[in-house]
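Residue-level structure breakdown
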Amino acid sequence: MGITANATMKRDSIHLISILFLLFSACSLELRNQASMLPIDSEGWHASCVYTCEATITDSLSFYHVDITGRLRHNYRHDSLSVIMEVTAPSGDSFCDTLTYSVAHIRGTLWEDFRIPYCSHVCFSQTGTWQFSFRQNMDTELLTGVVAIGVYLHQDGKE
């Protein structure tokens, strides 16, 4: 009877340790990589519409890669995508950047995902919530064919 109880306790302890390891690993991964994709209005992206996503930075000493992510419908008719991105620090300081990317069309699919490197080896100067805002910068009031836009952050060497 005592041998069976000891074996059960040992097995339960191993399971508990395994579960805790998985939980800590998942939490650690969450802090190293952050992704946010914002769905664009199904009617289209109005020139006046701003989409904002947030990322929480807890380590101001590490270096990050910042990528712009998005999704285009198969019938996106432009050869490029131009957006204005505004980055706002937790203190409220901000800067803008105009980004234009060539679009390579892949026919026969419903949509095309992209992830474009924006900045590498970036050290965020402050911990807290950073905002990344996007406005379309095309020569049209209503840009159709864009499904989503966002940002992907990952620490150097920890993708």
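Structure first, text after, so check above.
Describing the overall build of the chain
In terms of helices and strands, the chain carries one helix and ten strands. Reading the chain from its N terminus to its C terminus gives the helix and strand order α-β-β-β-β-β-β-β-β-β-β. The buried share of the chain, taken over its 159 residues, is 34%. At a minimum sequence separation of 6, the contacts of the chain that also span at least 24 residues come to 80%. Summing over all exposed atoms, the chain offers an accessible surface of approximately 9800 Å²; the carbon and sulfur share of this is 58%.

Examining the nonpolar core
The biggest cluster of nonpolar side chains holds 33 residues, and the ones touching the most others in it are Trp45, Leu81, Phe132 and Phe134. Listing elements by their share of this core, those giving two or more residues are strand 3 (51-57), strand 4 (64-73), strand 5 (80-88), strand 6 (94-102), strand 7 (111-122), strand 8 (128-136) and strand 10 (146-155). Among all residues touching Phe134, those that are not within four sequence positions of it are Trp45, Cys49, Val50, Tyr51, Cys53, Ile68, Val83, Ile84, Met85, Ile149, Gly150 and Val151.

Considering the pairing of strand 3
Regular strands show a simple pattern: their side chains alternate between the two faces of the sheet. Burial of strand 3 is one-sided: the residues Tyr51, Cys53, Ala55 and Ile57 facing one way are buried, the residues Thr52, Glu54 and Thr56 facing the other way are not. Pairing analysis gives seven bridges linking strand 3 to strand 8, with the strands arranged antiparallel. Paired with Ala55 across the two strands is Trp130, which belongs to strand 8.

Quick word on the sheet that holds strand 6
One open sheet accounts for four strands, arranged 3-8-5-6; its pairing is antiparallel. Edge positions in the sheet fall to strand 3 and strand 6, since each of these pairs with one other strand and no more. Each strand of the sheet is rotated relative to its neighbour by a mean of 25 degrees, with strand direction disregarded.

Let's talk about the packing of aromatic side chains
What the rule picks out here adds up to three aromatic pairs. Ring geometry for Tyr64 versus Phe124: centroids 5.3 Å apart, planes at 70 degrees, classification edge-to-face. Of this pair, Tyr64 sits in strand 4 while Phe124 sits in the loop between strand 7 and strand 8, placing them 60 residues apart in sequence. As far as burial versus exposure is concerned, Tyr64 and Phe124 are alike and both buried. Between Phe124 and Trp130 the ring centres are 4.9 Å apart and the planes differ by 65 degrees, which places this aromatic pair in the edge-to-face class. According to the relative accessible area criterion, Phe124 is buried, its value standing at 5%. Through pairs of rings, three or more aromatic residues link up here, namely Tyr64, Phe124 and Trp130.

Rules and cut-offs
Residues numbered from 1 in each chain as written. Predicted model: local features only at pLDDT ≥ 70, side-chain atom pairs only at ≥ 80, totals over all residues. Heavy atoms only, no water. Helix = DSSP H or I, 4+ residues; strand = E, 2+ residues; numbered from the N terminus. Buried < 20%, exposed > 50% of the residue type's maximum accessible area, 1.4 Å probe, protein only. Contact = heavy atoms within 4.5 Å. Areas by Shrake-Rupley, 256 points an atom, 1.4 Å probe, with all protein chains shown as cover. Core = buried A, V, L, I, M, F, W, Y, C linked by side-chain atoms within 4.5 Å. Pairing = 2+ DSSP bridges. Axes fitted to C-alpha atoms, helices over the stretch in contact; angles between N-to-C directions. Phe/Tyr/Trp six-rings, centres within 6.5 Å; stacked < 30°, edge-to-face > 60°.

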